[in-house]
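If you want the building blocks of each chain, they are given just below.
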Amino acid sequence: MKKFALMVASSLALLGTQPASAQTYSPAPGTWTWSGNVQVQKGSGPLLTCRLTVTANVTATSATASASLGLGDIRCLTVSFTGSPYTVTWSAGPPETVTLNNVFVNTSITPGNCAGNVTANFNDSTNDALVINTSIPQVTSGGACTIVGTLAKTAPAGAIDIS
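Quick caveat, the model's predicted, so the values are computed rather than measured. (Residues numbered from 1 in each chain as written. Predicted model: local features only at pLDDT ≥ 70, side-chain atom pairs only at ≥ 80, totals over all residues. Heavy atoms only, no water.)

1. With respect to the overall build of the chain
No. 1: Helix and strand content of the chain: 1 helix and 11 strands.
No. 2: Along its sequence from the N terminus, the chain presents helices and strands in the succession α-β-β-β-β-β-β-β-β-β-β-β.
No. 3: For the chain, buried positions account for 35% of its 163 residues.
No. 4: The long-range fraction of contacts in the chain, counting pairs at least 24 apart against all pairs at least 6 apart in sequence, stands at 52%. (Helix = DSSP H or I, 4+ residues; strand = E, 2+ residues; numbered from the N terminus. Buried < 20%, exposed > 50% of the residue type's maximum accessible area, 1.4 Å probe, protein only. Contact = heavy atoms within 4.5 Å.)

2. Looking at the pattern of salt bridges
No. 1: As enumerated under the stated definition, the model contains 2 salt bridges in all.
No. 2: In this structure, the salt-bridge partner of R75 is D73, at a minimum N-O distance of 2.7 Å.
No. 3: Classification of R75 as partly exposed rests on a relative accessible area of 35%.
No. 4: The class of D73 is buried, set by a relative accessible area of 18%.
No. 5: Of the charged contacts in the structure, one is a salt bridge between D128 and K153, with a shortest N-O distance of 3.9 Å. Taken together, the positions of D128 in the loop between β8 (114–122) and β9 (130–136) and K153 in strand β10 (residues 145–155) put the pair 25 residues apart, joining distant regions of the chain. (Salt bridge = Lys/Arg side-chain N within 4 Å of Asp/Glu carboxyl O.)

3. Here's the deal with the confidence of the model for the chain
No. 1: With 87% of its residues at a pLDDT of 70 or more, the chain has an overall mean of 86.
No. 2: Averaged pLDDT values for the elements of the chain fall to 34 in helix α1 (residues 2–16) and rise to 97 in β9.
No. 3: In this model residues 1–20 is a low-confidence stretch, pLDDT under 50, and it forms 0 contacts with partners more than four residues away in sequence or in other chains. (pLDDT = per-residue confidence, 0-100.)

4. A few points about the side chain of D73
No. 1: Tracing the backbone through its elements, the reader meets D73 in the loop between β4 (63–70) and β5 (79–82).
No. 2: Within the structure, the side chain of D73 is placed 2.7 Å from the backbone nitrogen of R75, a separation counted as a polar contact.
No. 3: Sequence-distant contacts of D73, that is, excluding residues within four places in its chain, are made with L48 and T49. (Polar contact = N/O pair within 3.5 Å; in protein donor to acceptor, adjacent residues only side chain to side chain.)

5. Considering the environment of A22
No. 1: Tracing the sequence through the fold places A22 in the loop between α1 and β1 (25–26).
No. 2: Assessed through its relative accessible area of 57%, A22 is described here as exposed.
No. 3: Taking C-alpha positions, A22 is 6.8 Å from T61, a pair spaced 39 residues apart along the chain.

6. Structural notes on the state of the cysteines
No. 1: In total, this model carries 2 disulfides according to the counting rule given.
No. 2: There is a disulfide in this structure between C50 and C76, and the S-S distance comes to 2.0 Å. As the torsion about the S-S bond is roughly -95°, the C50-C76 disulfide counts as left-handed. Highlighted residues: C50 in strand β3 (residues 48–58) and C76 in the loop between β4 and β5, separated in sequence by 26 residues. For the pair shown, C50 and C76 are each scored as buried. (Disulfide = S-S within 2.5 Å.)

Below is the structure:
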């Protein structure tokens, strides 16, 4: 019985150490860009419509990204993303998701800031858009930061693939 238990434990240990499959990005190397209008809100503060641009620097096996808010509502200038470049991770899903990790959102329109991940649904078999509906936890006070909207891929011109 001890031999059987040892065999089972050894087998489970071996199964738990299987290597993770690497992410691949194509075309690479390159710069991928998405842009679109999003709704941004901190806690119960005002709902802002801002232009969000995400730019990813891609190699064959990894990606980092930056994010910036542009004008829509003039108050969008009171919200900024800091701490880039952010590491990018991809999940096969379904749905496929792309995550910008460890994003810090600096807000001056309401008290407190937000920090966490921004996750978007991504479908590289259709239009390569990023569909964002995410909540980033508050750091100190004022509630979470929410971001909702769809970003269209603006570069590169052809199809992209993450697997």
